[in-house]
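What follows is the residue order along each chain.
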Amino acid sequence: FYHLRKELECELQVGATDQWGNITVGTELARKKLGATVWGLVFPLLTRADGSKYGKTATGTVWLDPRKTHPNDFYQFFLKADDADVIKLLKTLTFLERDTIEALAVKQSQDAAARSAQKSLAWEMTKIVHGEQLATEAKKAAEAVYGKISLKSLPEAQLDQVAASLPHFSENPIGKTLTDAVALSGLAPSKGQARQLILAGGVYMNGDQYKDPKLIISPEMLLLKKYLFMQKGTSQNVVYTAQVPPAGVHPSVQQ
């Protein structure tokens with residue numbers, strides 16, 4: 001702060017309350033060495049319900065710069081906001097009217113599974129930071145991930161980004177049964193539980209529901225000949241990405 005005042009005539013430093021000590025020490029140093037009065041302005045630190053902070057050093061950081069955090073990932077970060085945090089985030093970060101936020105709070109208390117508040121938060125934040133067009137694309141990608149629209153309806157570039165945003169499993173499921181594939185993907189801890197999950201209608205591949213545990217996974221099932229999206233229920237998603245063979249090499253000769 002002293003350096004900024006001396007070299008750039010900076011008179012105000014803004015930060016969260018966790019920077020109060022640094023700011024006040026800077027104001028005192030500038031007073032003693034320059035005889036200058038400088039000012040500090042702090043605001044409450046944004047924290048989660050468990051007390052952890054949102055910030056560049058925290059786990060799961062999101063950036064405003066789309067080169068660091070793609071708009072799809074930005075949208076899904078807020079879509080996954082904890083129920084205990086979402087109303088505070090709507091009040092703190094968006095420009096929604098108080099009545100609108102209070103109505104969302106009522107909806108959340110009545111049907112938390114619908115995640116109406118999270119959807120509004122994700123849309124508003126992405127629209128503010130990245131604009132309405134990219135917010136619309138991010139919303140569409142999220143709806144594809146969670147089965148609201150077909151993954152097959154997404155253009156290749158957007159499907160690539162959706163795949164990049166999901167956890168991956170690496171063992172090739174092609175030629176194996178659906179039961180084996182579900183176990184390999186980590187969506188079930190054992191083949192027995194995988195079979196039960198499939199029979200109960202809890203398994204989706206590329207957005208379509210499958211109930212036959214003995215179904216053989218074929219190469220034709222891959223989207224764009226490279227992706228197999230697997231989903232458990234309505235929320236847990238993973239993806240397998242097939243290796244694309246080099247030009248001129250037939251897939252059958254690959255190891």
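Residues numbered from 1 in each chain as written. Predicted model: local features only at pLDDT ≥ 70, side-chain atom pairs only at ≥ 80, totals over all residues. Heavy atoms only, no water.

Undergrad: What is the right way to read unusual backbone geometry from this model?
TA: One can expect most non-glycine residues to show negative phi and most peptide bonds to be in trans. Here the phi dihedral of Asn-206 falls at roughly 50°; this positive angle occurs in a residue that is not glycine. Within the element layout of this structure, Asn-206 appears in the loop between β3 (203–205) and β4 (208–209). Positive phi values are uncommon outside glycine, yet Lys-225 reaches one of about 65°. Checked against the element boundaries, Lys-225 lands in the loop between β4 and β5 (227–232). (Helix = DSSP H or I, 4+ residues; strand = E, 2+ residues; numbered from the N terminus.)

Undergrad: For this particular structure, what's the right way to read the packing of helix α9 (residues 178–185) against helix α10 (residues 191–199)?
TA: If you want to describe how two helices pack, look at the angle between their axes and the distance between the axes. One can describe the packing of α9 onto α10 by two numbers: an axis separation of 8 Å at closest approach and a directional angle of 115°. With respect to α10, the axis of α9 lies roughly perpendicular. Handedness of the crossing formed by α9 with α10: right-handed. Residues Leu-178, Thr-179, Asp-180, Val-182 and Ala-183 of α9 form the contact with α10, whose own contacting residues are Lys-191, Ala-194, Arg-195, Leu-197 and Ile-198. Tallied by class, residues from the contact of α9 with α10 come to six nonpolar, one polar and three charged. (Axes fitted to C-alpha atoms, helices over the stretch in contact; angles between N-to-C directions. Parallel < 35°, antiparallel > 145°, perpendicular 65-115°, else oblique. Left-handed = near helix turned anticlockwise from the far one by under 90°. Contact = heavy atoms within 4.5 Å. Nonpolar A, V, L, I, M, F, W, Y, C, P; charged D, E, K, R; others polar.)

Undergrad: Looking at this structure, how should I read the packing of aromatic side chains?
TA: In this description, an aromatic ring pair is defined by two values, namely the gap between the centres and the angle between the planes. All chains considered together, the criterion is met by four aromatic pairs. For the ring pair Phe-77 and Phe-78, a centre distance of 5.1 Å and an interplane angle of 90° mean the geometry is edge-to-face. Here Phe-78 falls in the buried class, since its relative accessible area comes to 6%. For the pair Tyr-227 and Phe-229, a centre-to-centre distance of 5.7 Å together with 55° between the ring planes defines the contact as tilted. Here Tyr-227 and Phe-229 have matching classes, each one buried. Taken together, the ring pairs connect Phe-74, Phe-77 and Phe-78 into an aromatic cluster. The aromatic ring of Trp-63 is capped on one face by Lys-68, whose charged end is 4.7 Å from the ring centroid. Note that Lys-139 overlies the ring of Trp-123, its terminal NZ or CZ placed 5.8 Å from the centroid. (Phe/Tyr/Trp six-rings, centres within 6.5 Å; stacked < 30°, edge-to-face > 60°. Buried < 20%, exposed > 50% of the residue type's maximum accessible area, 1.4 Å probe, protein only. Lys NZ or Arg CZ within 6 Å of the ring centre and 35° of its normal.)

Undergrad: Sorry if this is basic, but what is going on with the pattern of salt bridges here?
TA: Between side chains of opposite charge, a pair can form as their charged atoms come close. Throughout the structure, instances matching the rule amount to ten salt bridges. Of the charged contacts in the structure, one is a salt bridge between Arg-67 and Asp-65, with a shortest N-O distance of 2.8 Å. Here the residues in one salt-bridge network are Glu-28, Arg-31 and Lys-32, joined through shared partners. (Salt bridge = Lys/Arg side-chain N within 4 Å of Asp/Glu carboxyl O.)

Undergrad: Can you help me understand a nonpolar patch on the surface in this one?
TA: Taken together, Leu-12, Val-14, Trp-39, Leu-41 and Phe-43 make up a surface patch of nonpolar side chains, about 520 Å² in accessible area. Elements with a contribution of two residues or more to the nonpolar patch: β1 (12–16) and β2 (39–43). If you tally residues by element for the nonpolar patch, the top one is β2, at three residues. You can see Trp-39 is positioned in strand β2. In this structure Trp-39 comes out as exposed when scored by relative accessible area, which is 53%. (Patch = residues over 30% accessible without salt bridge, like charges linked within 9 Å, V, L, I, M, F, W, Y side chains within 5 Å. Areas by Shrake-Rupley, 256 points an atom, 1.4 Å probe, with all protein chains shown as cover.)

Everything listed is a geometric property; what it means functionally is a separate question.
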